[in-house]
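Analysis of the macromolecular model
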Amino acid sequence: MKLTVRARLGASILIISLVLMGAAMVTVLHSYRAIGLRDAWARVEDMARDAEDDAGYDSRGRLVLDDDVVMYAEGITVVYLDENGDLLRGAYPLSFPDDVALAIGEDRRINGGASHWLVYDVAANDGFYVRALMSTYELDSGFYQMALISGGVVVLFAVLMAISAWAMARRAFRPVSELTRHADSIRGGGQLGARLPVPDTHDEIARLAETFNAMFARLDESFRAERQFTSDASHELRTPVGAILAQCELGLLGDDAERLQALEAIYQRAQHMSTLVNRLLMLARAEQGRQTLAIEPLDVRQLCGFACESLEDSAQEAGVKLELLPGGDAPTINGDSALVVSLITNLIGNAIKYRDPSKPERYVRVSVTGQDGEARVSVADNGIGIPEEHLGRVFDRFYRVDSARGGEGVGLGLCLSAWIARAHGGGINVDSRAGEGSTFTATLRNARAEQSRS
Ligand code: ADP
């Protein structure tokens, strides 16, 4: 059976208070009965002793009672007996068994059918015996009445407590029900942008609402990023695919020279798509934490040399002077050489790509500083620079300052480079001014083989 927290709380309070108050009631009733019995015994004993003084044998051997003798008072009956326990004077109440043997000075409880009897016997010096007896009927019925009343009070009290606990829990859980209702409406409507109202109470409920809101915000952000990524990726792929199809048509219809031209254009587009797909794949792996690093000791200056060499031709073609500035130290880090080379190549490639054709002397200067365990690679150019308002976004996926410039760009290079730097315990900074040039500085440290999500 599924019960709400309120019902469970109410039921628990009901059971606990019934048990506790029941136990307290039993203890109180027990002592009440013990006190009542003790008092009754005392009265029975007193009555027996008093009656002993009020009787004596006369000269003819007959038992004579004083005029002021009391044979019955306050429910206590007195009888005089001989040594065999037979009645000399007085009479037993009807339900009292008349064959009860003498037992001097003993407090006894005798079962007399309908009720119990408290019996006390006293031996007089003259050779007769006095017995005082009292029915416990009144004592018992008073006791049962009191037990009944207290039982009723206990049950009533427990029920009242359970009801108030239920009502208090209901009040306390009202904000939770509200949160559930709001959360349900957000889930049902798929409006992850909506937020739960945070009560102004600074308590657990407020914290719960804040935690939910933070969770919704993260979900919203990741869904949005996912949608953006899918739309950007399909958009980026659609353009080269469209161009390839157009070139194919041209090639099929044209002469040999046109066919060759079309093939060249198709080759370029296909290369662009290949870069895009490779980078997308790598980014997806990096984001899922599946990109593992092949860690080995790296001489970062040497890797910069390799990257410069590989880009020397394209730098020359672009009329850019590419130099690796000399430096005293050759920092070593533990990292993935292929990834670090790809980061450096990407920064240098961008510096060449975004050169300023209006400047007669164009340069790209690569410098390496640092010590073992940490290396800083700076790539400075006097290219077109990046306007300040775009600086914060150049590391975003598919972000390009001006997609018309540098047509081969896919907008993923810096995003990937930043991930590689992060995977090597560092990051990338950019300092740039539009029209003057840019300096990208990557910090790299010793990497660990397993990578967290970027
Ligand atoms: P892309 O493939 O478009 O080059 P990147 O992620 O490498 O993508 O770069 C993102 C954007 O940052 C580029 O489109 C370009 O506008 C800008 N950018 C990157 N490097 C430079 C640079 N050295 N000089 C000027 N702009 C740059």
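Residues numbered from 1 in each chain as written. Predicted model: local features only at pLDDT ≥ 70, side-chain atom pairs only at ≥ 80, totals over all residues. Heavy atoms only, no water.

1. Regarding the overall build of the protein
As a reminder of what qualifies: A run of H or I in DSSP becomes a helix once it reaches four residues, and a run of E becomes a strand once it reaches two; helices and strands are each numbered from the N terminus. What the globule rule says is 2.2 Å times the number of residues to the power 0.38, and the radius of gyration is computed from C-alpha atoms. Note on classification: 1.4 Å probe, protein chains only; a residue is buried when its accessible area is under 20% of the maximum for its type, exposed when over 50%, partly exposed between these limits. Working rule for contacts: check all heavy atoms of both residues, and any pair within 4.5 Å makes them a contact. Accessibility throughout is a Shrake-Rupley quantity obtained with a 1.4 Å probe, and a residue counts as covered only by protein chains that appear here.
Summing up its helical and strand segments, the protein has 8 helices and 15 strands in all. Whereas a compact globule of 454 residues would reach a radius of gyration of roughly 22 Å, the protein reaches 52 Å, over 25% beyond that. Taking the principal axes of its C-alpha atoms as reference, the protein extends roughly 165 × 55 × 35 Å. Counting the 454 residues in the protein, one finds 38% classified as buried. Within the protein, contacts between residues separated by at least 24 positions form 65% of all contacts whose residues are at least 6 apart in sequence. When the accessible area of the protein is evaluated, it comes to approximately 26,700 Å², of which 55% is carbon and sulfur surface.

2. Let's talk about the packing of aromatic side chains
We apply this condition: Working definition: rings of Phe, Tyr and Trp (its six-membered ring) pair if their centres are within 6.5 Å, and the pair is stacked with planes under 30 degrees apart, edge-to-face with planes over 60 apart, and tilted otherwise. The criterion is that NZ of a Lys, or CZ of an Arg, lies within 6 Å of the ring centre and within 35 degrees of the ring normal, and then a charge sits over that ring.
One pass over the full model with this rule turns up 7 aromatic pairs. By the ring-pair criterion, three or more aromatic residues cluster together here, those being Tyr-57, Tyr-80 and Phe-128. Across from the ring centre of Phe-143, 5.1 Å away, lies the NZ or CZ of Arg-33, which sits over that ring. Cation over ring: Arg-365 sits above Tyr-363, and NZ or CZ is 3.6 Å from the ring centre.

3. Description of the site of the ligand
Where we set the bar: The cutoff for a nearby residue is simple: one of its non-hydrogen atoms must lie within 4 Å of the molecule or strand. Between N or O atoms, a polar contact is any pair within 3.5 Å; within protein, one atom must be a potential hydrogen donor and the other a potential acceptor, and residues adjacent in sequence are included only when both atoms are from side chains.
Near the ligand, the surroundings consist of 20 residues, among which Asn-350, Tyr-354, Val-410, Gly-411 and Leu-414 are the closest. Separating a nitrogen atom of the ligand from a side-chain N or O atom of Asp-381 is a distance of 3.0 Å. A distance of 3.0 Å separates an oxygen atom of the ligand from a polar atom in the backbone of Gly-411. Across the complex, the protein chains shield 99% of the 530 Å² of accessible surface that the ligand would expose by itself.

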